[in-house]
Amino acid sequence: MVATSPIEPQNPTQTSGQRYLVSSDLPLAERSPNQELLPLTAKLNGRDRLEIGGCDVTELVERYGSPLYILDELSLRTACRHYRDALAKHYPGESLAVFASKAWSCQAVAAIVASEGLGTDVVSGCELQTSLTAGVSADRIVFHGNNKSRRELEQAIAAGVTVIVDNWLELETLAKLAGDRADRDRPLPVMVRFTPGIECHTHEYIQTGHIDSKFGFDPDGMRAVFEFLSKTASLACIGLHAHIGSQIFETQPHVDLPQVMVGWLQLAREFDLPVNTINVGGGLGIRYTEADDPPSIDAWIETVAKSMKTACERAGLTELPRLMCEPGRSLIGSACVTAYTVGSQKTVPGLSHYITVDGGMSDNPRPITYQSLYRAVVANKMTAEATQAVTVAGKHCESGDVVIKEAALPDTEPGDILVVMGTGAYNYSMASNYNRIARPAAVLVEGGEANVIIARETDEDLMRFDRLPARLTSAR
Ligand SMILES: *Cc1c(COP(=O)(O)O)cnc(C)c1O
């Protein structure tokens, strides 16, 4: 059930924005959103324009301003359903998928994933508050982080969410905090994160599973951790966690991981720990360019589930542990596009043609941080033939502020709406105010309706945090 868009060769004269539109015969609900370049509802309308969620993208920009994040509700919901349904289909034990909020944390997104039966993973007090305010139930929230503050640990305990313990300092602090609670007779349930020691071939900065990582306990110290937990009456170790990395297309790492983790579970049980959850983290990749070929959500879950079942059989476990996973990018990455307005252009004879947009590294730091690749279309000229390979540059004072190096685009002019695809993950959540540029708004689109879910920042918002000491004003 792999749905792919028709991929044409990278010959700029043969291509146009239409080539990224889905033309598969599969019903929308069966297409794995992480395998698409555009959101599932993307269409060409009668005005030669791109439409998402029943809304004309060019009109959305006229109405809500530029740049604009446009989030397609149906794509996000479909990805949630694929995780939920695949777990139910391929894993006979209990299971839960939680959305890694760091990919895009805001109330609307948390409310949507919760309404589809998923939980969230949070890594800060404010991400926690966002999930709780949006109605995510505390028993479906896990709290991550390699340097949680004491206050964050207290917030987590007070809210009743499960802390995923990362290191010794935290383990000792938690043991104490748990022992000081009013209901200290009931041990505080926690999970423990280990570095799995599994390599995968993604960009170095998004590898977390190899041994030299800042996240989680070193597996060599596992016995000591389990021994400490077995002697600490205030804590109950209910689960084990590992996360390999991100934007992974290979399935082998997630065949190996459950096998490694079931071994850990057996060791934990030797220490009489009540471990019954295995949390394999996130990591499934998405299609950013036609060269990317990630497995579908269903196929990824099937791989993990099979490997869990096999490992449990081999270990002679009579009951399957609860299986958790924490997808971020593959839930929301392909559900969103960023619409920019084209401005100045520059030709360096014999070298490059630059077209500049009204955003860049402040709203999408991934190209400059990870050399990530993206694809774009011109929303108001969807059927125009691509005539040039251009460099789409951002407007920031940084030569590396390039959104796309070789974008096959039609002739563009100032005022055209350039849409960059696959910007749902790690764009809004990593956005900055570099050059004191206010961050874009985000709209959620569905059935021809658009709702603002992130209001556009204004220059006044930025000035609001700025203080000029009196002695500097008097000198003027
Ligand atoms: C980043 C992260 C995730 C989500 O990763 P994706 O690649 O976005 O799916 C899940 N769990 C943990 C612990 C993470 O650090």
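The text that follows walks through the structure, step by step, so that each part is easy to find. (Residues numbered from 1 in each chain as written. Predicted model: local features only at pLDDT ≥ 70, side-chain atom pairs only at ≥ 80, totals over all residues. Heavy atoms only, no water.)

1. Some thoughts on the sheet that holds strand S8 (residues 162–165)
Reading around the circumference, S5-S6-S7-S8-S9-S10-S11-S12 is the order of the 8 strands in this closed barrel, with parallel pairing throughout. Between one strand axis and the next, the sheet turns through 30° on average, direction left out of account. Taken together, the 3 bridges between strand S10 (residues 235–241) and strand S11 (residues 277–279) define a ladder with parallel strand orientation. In the sheet register, Leu240 faces S11, and the bridge partner there is Ile278. (Pairing = 2+ DSSP bridges. Helix = DSSP H or I, 4+ residues; strand = E, 2+ residues; numbered from the N terminus. Axes fitted to C-alpha atoms, helices over the stretch in contact; angles between N-to-C directions.)

2. A word on the site of the ligand
Around the ligand, 15 residues are found, and the nearest of them are Lys102, Ser246, Glu326, Arg329 and Tyr426. With respect to the ligand, the side chain of Lys102 contributes an N or O atom lying 2.7 Å from an oxygen atom. Here an oxygen atom of the ligand sits 2.9 Å away from a polar atom, N or O, in the main chain of Gly283. Classifying every residue of the shell around the ligand gives 3 nonpolar, 7 polar and 5 charged. (Near = heavy atom within 4 Å. Polar contact = N/O pair within 3.5 Å; in protein donor to acceptor, adjacent residues only side chain to side chain. Nonpolar A, V, L, I, M, F, W, Y, C, P; charged D, E, K, R; others polar.)

3. Considerations on the sheet that holds strand S3 (residues 55–56)
Across the sheet, 3 strands lie side by side as S1-S2-S3; this open sheet has antiparallel pairing. The strands lining the two open edges of the sheet, one partner per strand, are strand S1 (43–44) and S3. Both S1 and strand S2 (residues 50–52) contribute to a ladder of 2 bridges, which runs antiparallel. Bridged to Leu44 within S2 is Leu50.

4. Quick notes on the side chain of Asp298
Within the element layout of this structure, Asp298 appears in helix H9 (residues 297–314). Accessibility expressed as a relative area gives 15% for Asp298, which makes it buried. Every residue in contact with Asp298, bar those within four places of it in the chain, is listed here: Ala86, Lys89 and His90. (Buried < 20%, exposed > 50% of the residue type's maximum accessible area, 1.4 Å probe, protein only. Contact = heavy atoms within 4.5 Å.)

5. Quick notes on the packing of aromatic side chains
This structure, assessed with the given rule, holds 11 aromatic pairs. Aromatic side chains Trp168 and Phe217 sit 5.7 Å apart centroid to centroid with 85° between the ring planes, which places their arrangement in the edge-to-face category. Placement of Trp168 in helix H6 (residues 168–179) and of Phe217 in the loop between strand S9 (188–193) and helix H7 (222–230) is noted, with a sequence separation of 49 residues between them. With a relative accessible area of 34%, Trp168 lands in the partly exposed category. An aromatic cluster of at least three residues, connected via ring pairs, comprises Trp168, Phe194, Phe217, Phe226, Phe228, Trp264 and Phe271. (Phe/Tyr/Trp six-rings, centres within 6.5 Å; stacked < 30°, edge-to-face > 60°.)

6. Quick look at the environment of Gly283
The residue Gly283 is located in the loop between S11 and H9 in this model. On the basis of relative accessibility, which here comes to 9%, the residue Gly283 falls in the buried class. C-alpha of Gly283 to C-alpha of Ala315: the two residues are 32 residues apart in sequence and 26 Å apart in space.

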